[in-house]
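# Summary of the model geometry
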Amino acid sequence: MIRKPFLAVTYTLLCLSSLFFSSSVTCVTSTSSLPSTFYVTYQGYIQNYFSTSNETVSLWVQFLNGTSCGPKTMNFTFSMEETYENEYIVKFMLEFDNFYDEISVPATVSNGHVYIDSTPTIFVVNPNSLIDGNTIELFQTENLTLSGTVFRDIKTDTLLNNYRVASKVVITEYEPTNLDPYTGPLLFFDPLTGVLVRASDKITDVLLNKLGVDFIRGGVFDLLDYSENMNFTLVRSYSSLVGPILIIIFIVAFVLVVFFAYRALKKKKRDKRKTYTNKSLKFRFVRYQNMRCLYVL
């Protein structure tokens, strides 16, 4: 079970995000199967608010041989192809700095999960399990288990031209053998296919292990590209409209200020002219009366 303090904080943050970026699109789970051939590409990076002008923040890549490195960004691609009925080939590519490696391995699909050497990958889950409040097991090895609780529908960030993608968010935790559980990544899945569309924080997977990587920590891993037959539900990000909206508001406010200033100035001049006219008439009237009195005398 997810620890309560972490769940409470995450719940609050996701609720605020959902309120700000809410839209009319609703995620609905489906029994639809994966396409026979597809690919998904992600980019990992550190978000701007994690860095300052005085330091350079990078991702952390820990290799199985004990070495490590800190690239600023990285790309990895998960692709899958059905060769024969119920027989698949999964390809995985990882690239950052001077590192590039890829692997092709046979895979099987069972209960909506994709298995590599009998170990499920986090890149695909059963879409029918993505029900709010449901607890799902993402993978289990001899030393580590990753499980999570399905939280809710959300539209999460992508790197696709100011679009967000409809998804189900899963709050996870790692359970090492003979050790206390600790916080896992936030994982976002397409509710129709169960394909991963975003991840954050520390991720590990059987496919990363195949390339000699123990885990990647820090930052987020956003959707960068995907095959058209995936039919993800994209929603225009409100943040892309902030600039034009602010410009329009500024122009309207400027026009209103000028208009009301002009009206106020015009009214002031009119009142001043009226006051001057009244004073002049009164002065002439007095002189006329005085002259009339002198004439009578």
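What comes next concerns the included structure. Treat the numbers as computed from the prediction; the structure is a model and nothing was measured.

### Focus on the layout of surface pockets
One number sums up the size of the second largest pocket: a volume of about 250 Å³. Looking at the second largest pocket, it is lined by 16 residues, and the ones nearest its centre are Thr141, Leu144, Thr204, Asn209 and Asp214. At the level of elements, helix H2 (206-210) and strand S14 (213-217) are the ones that each hand at least two residues to the lining of the second largest pocket. Looking at the lining of the second largest pocket element by element, the count peaks at three residues for H2. Partitioned by chemical class, the residues of the lining of the second largest pocket number seven nonpolar, four polar and five charged.

### Side note on the side chain of Thr204
Looking at the element boundaries, Thr204 is found in the loop between strand S13 (196-200) and H2. Overall, the relative accessible area of 7% leaves Thr204 in the buried class. At 2.6 Å, the side chain of Thr204 forms a polar contact with the backbone oxygen of Asp214. Beyond its immediate chain neighbours, meaning those up to four positions away, Thr204 contacts Ile122, Phe139, Leu144, Tyr174, Asn209, Asp214 and Phe215.

### Side note on the pattern of salt bridges
In total, this model carries six salt bridges according to the counting rule given. In this structure, Lys168 and Asp132 form a salt bridge, with 2.6 Å as the shortest nitrogen-oxygen distance. Separated by 36 residues along the polypeptide, Lys168 in strand S11 (residues 163-176) and Asp132 in the loop between strand S8 (119-120) and strand S9 (135-140) bring together distant segments of the chain. Residue Asp132 is classed as partly exposed on the basis of its relative accessible area, which comes to 45%. Notably, a salt bridge pairs Asp222 with Arg198, separated by 2.4 Å at the nearest N-O pair. You can see Asp222 sitting in strand S15 (residues 220-226) and its partner Arg198 sitting in strand S13, a full 24 residues away along the chain. Residue classification places Arg198 among the buried positions, given a relative accessible area of 9%. Residues joined in a network through salt bridges with shared partners are Asp157, Arg164, Arg198 and Asp222.

### Looking at the side chain of Arg164
Looking at where Arg164 falls in the secondary structure, it is placed in strand S11. The exposure class of Arg164 is buried, given its relative accessible area of 4%. Polar contacts involving the side chain of Arg164 include one to the side chain of Asp157, which spans 2.4 Å.

### A look at the pairing of S15
The buried fraction of S15 amounts to five of the seven residues, a majority that puts the element mostly inside the structure. Summarising the sheet, strand S1 (residues 37-45) and S15 pair through six bridges and their orientation is antiparallel. Bridging across to S15, Thr41 finds its partner in Asp225. Pairing geometry for S13 and S15, over three bridges, is antiparallel. Residue pairing across strands places Ala199 opposite Phe221, the latter belonging to S15.

What counts as what
- Position labels on residues start from 1 in each chain and follow its written sequence.
- Reporting of local features is limited, given that this is a predicted model, to residues whose pLDDT is at least 70; pairs of side-chain atoms are given and counted only at 80 or more, and all residues count toward the totals for whole chains, interfaces and linings.
- The side-chain values count all of the structure's non-hydrogen atoms but skip hydrogen atoms and water molecules.
- Only protein atoms enter the 1 Å grid used here. Points where a 1.4 Å probe fits but cannot escape make up a cavity, open sets with protein on both sides within 12 Å along at least five of seven lines make up a pocket, and a residue lines them when an atom lies within 4 Å of a point.
- Grid points are joined across faces, edges and corners, and a volume is the space filled by probe spheres set on the points.
- We count a stretch as a helix when DSSP gives it H or I for four or more residues in a row; a strand needs E for two or more, and each element gets its number in order from the N terminus.
- Gly is placed with the polar residues, together with every amino acid not listed as nonpolar (Ala, Val, Leu, Ile, Met, Phe, Trp, Tyr, Cys and Pro) or charged (Asp, Glu, Lys and Arg).
- Here's how the labels work: a residue is buried when its accessible area is under 20% of the maximum for its type, exposed when over 50%, partly exposed in between, all with a 1.4 Å probe on protein chains only.
- Under this definition, polar contacts are N or O atom pairs within 3.5 Å; protein pairs additionally need one hydrogen-donor-capable and one acceptor-capable atom, and for neighbouring residues in sequence, both atoms have to be side-chain atoms.
- Residues are treated as being in contact if the distance between any of their heavy atoms lies within 4.5 Å.
- A carboxyl oxygen of Asp or Glu within 4 Å of a side-chain nitrogen of Lys or Arg is what we treat as a salt bridge.
- Two strands are counted as paired when DSSP detects at least two bridges linking them.

Note that every value here comes from positions in space, so none of it alone points to a role or purpose.
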